[in-house]
Amino acid sequence: MRDTIPSGVVEALRRAKSLVVLTGAGVSAESGIPTFRDAMEGLWAEYDPMELATPQAFARNPEMVSRWYDERRRDCALVKPNPGHYALARMEQCLVEKGGEFALLTQNVDRLHQAAGSRNVIELHGSIWEWRCRRCGMSREERGGTFGQYPPRCECGGIRRPGVVWFGEQLPPKAVRDSELALGTCDLFFSVGTSAVVQPAASFVHVARGHGAKTVEINREATAISKIVDWSILGKSGEVLPELVDRAFKE
Ligand code: OAD
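We now turn to the structure provided with this report. (Residues numbered from 1 in each chain as written. Predicted model: local features only at pLDDT ≥ 70, side-chain atom pairs only at ≥ 80, totals over all residues. Heavy atoms only, no water.)

Pairing within the open sheet is parallel, and its six strands lie in the order E3-E2-E1-E7-E8-E9. Either end of the sheet is taken by a strand with one partner, and the two such strands are strand E3 (121-123) and strand E9 (231-234). Each strand axis lies, on average, 15° off the axis of its neighbour in the sheet, ignoring direction. Bridge analysis of strand E1 (residues 18-23) against strand E2 (residues 101-106) gives six bridges, and the strand direction is parallel. Paired with Thr23 across the strands is Thr106, a residue of E2. (Pairing = 2+ DSSP bridges. Helix = DSSP H or I, 4+ residues; strand = E, 2+ residues; numbered from the N terminus. Axes fitted to C-alpha atoms, helices over the stretch in contact; angles between N-to-C directions.)

It is worth spelling out the site of the ligand at this point. The ligand sits among 24 residues. The nearest are Phe36, Arg37, His125, Thr194 and Ser195. Within the side chain of His125, a nitrogen or oxygen atom sits 2.8 Å from an oxygen atom of the ligand. Contacts to the ligand include Ser195, whose side-chain N or O atom sits 2.6 Å from an oxygen atom. Relative to its unbound accessible surface of 800 Å², the ligand loses 97% to contact with the protein. Element by element, the count of residues in the shell around the ligand is highest for helix H2 (residues 25-29), at three residues. Here the shell around the ligand is built from residues that sort into seven nonpolar, 11 polar and six charged. (Near = heavy atom within 4 Å. Polar contact = N/O pair within 3.5 Å; in protein donor to acceptor, adjacent residues only side chain to side chain. Areas by Shrake-Rupley, 256 points an atom, 1.4 Å probe, with all protein chains shown as cover. Nonpolar A, V, L, I, M, F, W, Y, C, P; charged D, E, K, R; others polar.)

Let us now look at the side chain of Arg161. Positionally, Arg161 belongs in strand E6 (residues 160-164). Ignoring anything within four residues of it in the chain, the contact list for Arg161 reads Phe58, Glu130, Trp131, Arg132, Arg134, Trp166 and Glu169. (Contact = heavy atoms within 4.5 Å.)

Moving on to the sheet that holds strand E5 (residues 139-141). Taken together, the three strands give an open sheet; going across it, the order is E5-E4-E6, and neighbouring strands pair in antiparallel fashion. The two strands at the open ends of the sheet, each matched to only one other strand, are E5 and E6. Along the sheet, successive strands turn relative to each other by an average axial angle of 35°, direction set aside. Pairing of strand E4 (residues 126-133) with E6, which is carried by four bridges, proceeds in the antiparallel orientation.

Another aspect to go through is the packing of aromatic side chains. Under the criterion given, the structure shown has eight aromatic pairs. Both rings, one in Phe36 and one in Trp44, keep their centres 5.2 Å apart while their planes meet at 40°; by these two values the pair is tilted. Of the residues examined, Phe36 reaches a relative accessible area of 25% and is grouped as partly exposed. A relative accessible area of 16% places Trp44 in the buried class. An angle of 65° between the planes, with centres 4.8 Å apart, marks the rings of Trp131 and Phe147 as edge-to-face. Here the residue Trp131 occupies a position in strand E4, and Phe147 occupies one in the loop between E5 and E6, the gap between them amounting to 16 residues. Per residue, the accessibility class of Trp131 equals that of Phe147, and both read buried. Feature note: the residues Phe36, Trp44, Tyr47, Phe58, Trp68, Tyr69 and Trp166 constitute an aromatic cluster, connected by ring pairs. The cationic tip of Arg143 hangs over the ring face of Trp129; the distance from NZ or CZ to the ring centre is 3.8 Å. (Phe/Tyr/Trp six-rings, centres within 6.5 Å; stacked < 30°, edge-to-face > 60°. Buried < 20%, exposed > 50% of the residue type's maximum accessible area, 1.4 Å probe, protein only. Lys NZ or Arg CZ within 6 Å of the ring centre and 35° of its normal.)

Okay, structure coming up:
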C-alpha cells in the first residue's frame, strides 16, 4: 500500500527551477541491493558496521574487510538500475531541457544512478567500484572479477582499500562543496530512500528549508525527517518516482 502523490508535489516539480535530490540505499533496494538499516534484511542487521565500515576495522583486519567490500562490489555487478533510477535520470533531463538546474546527491556507492543516465551525480560516500592505494593514492575503478589476493595490492606494493567513505572519515571535499552549492540555491529538495540518520546528508533537508525551498520525502517508511518536510510520501521509490515524473512532465 502506498500514498497517493499530492498534486502540490506534481506542481512543485513542474515549476522547479533548481532541484536537488538526495538518495540513499532505499533507491537501490528494488535493484536487489540490500539497505543498511531495514530491520530484517539490512546489512547492519546482519553485520556490525563498526567491524566493517571504519578505518580501524580495516587496520585490524584488512583481509576480512576487503573481502566483504569486494563481495558487495561483485554483487553490484549483477544488478541493473530500476525504474526509480531511470525516473531520476528523466527528471534531470526535463529540468535541464527547461533551462533549470539539477543535482543528485547520493549516499549510494553502486553507481546505478550513472548507469541509468543521471549526469550531475555527487557521490557523498564514494564508490565501491573505486579501490585506492593507501601508499601512493592511486585510485582505479575495478569492474572485473575477484582480486588475486585480499587486501588487493597496488603496483607500488601498497595495500588498496575500497574507495568508500567509512564512519569517522571526512567526505570528499569536492562532494561537500558541490553539495553545499546546490543546496544553497535549490527551490525544491527531495529526500528519497534514506533513513536520514547519517550526517551530513541527514541535515540537508534543514539547509534547503533554511532558505525557503519546498521539501519532499519519498520513503518506504517514516523517518526522522518525515514530520519536517512539506510532503512525506510513503511508498517504494521505484513506483512513486516514475508516476511523479510522468504526471509532472507529461507532454
Ligand atoms: P538505510 O538502510 O539507513 O535507509 C534506507 C531507507 O530506505 C530506509 O528508511 C528504508 O525504509 C527505505 N527503503 C527501503 N526500500 C525502499 C524502497 N524500495 N523505496 C523507498 N524507500 C525504501 O540506508 P541509508 O539511509 O542510505 O554509510 O544509509 C546512509 C548511510 O549509512 C549509507 O551510505 C552507509 C550506511 O552506513 C556508510 O557505510 C558510511
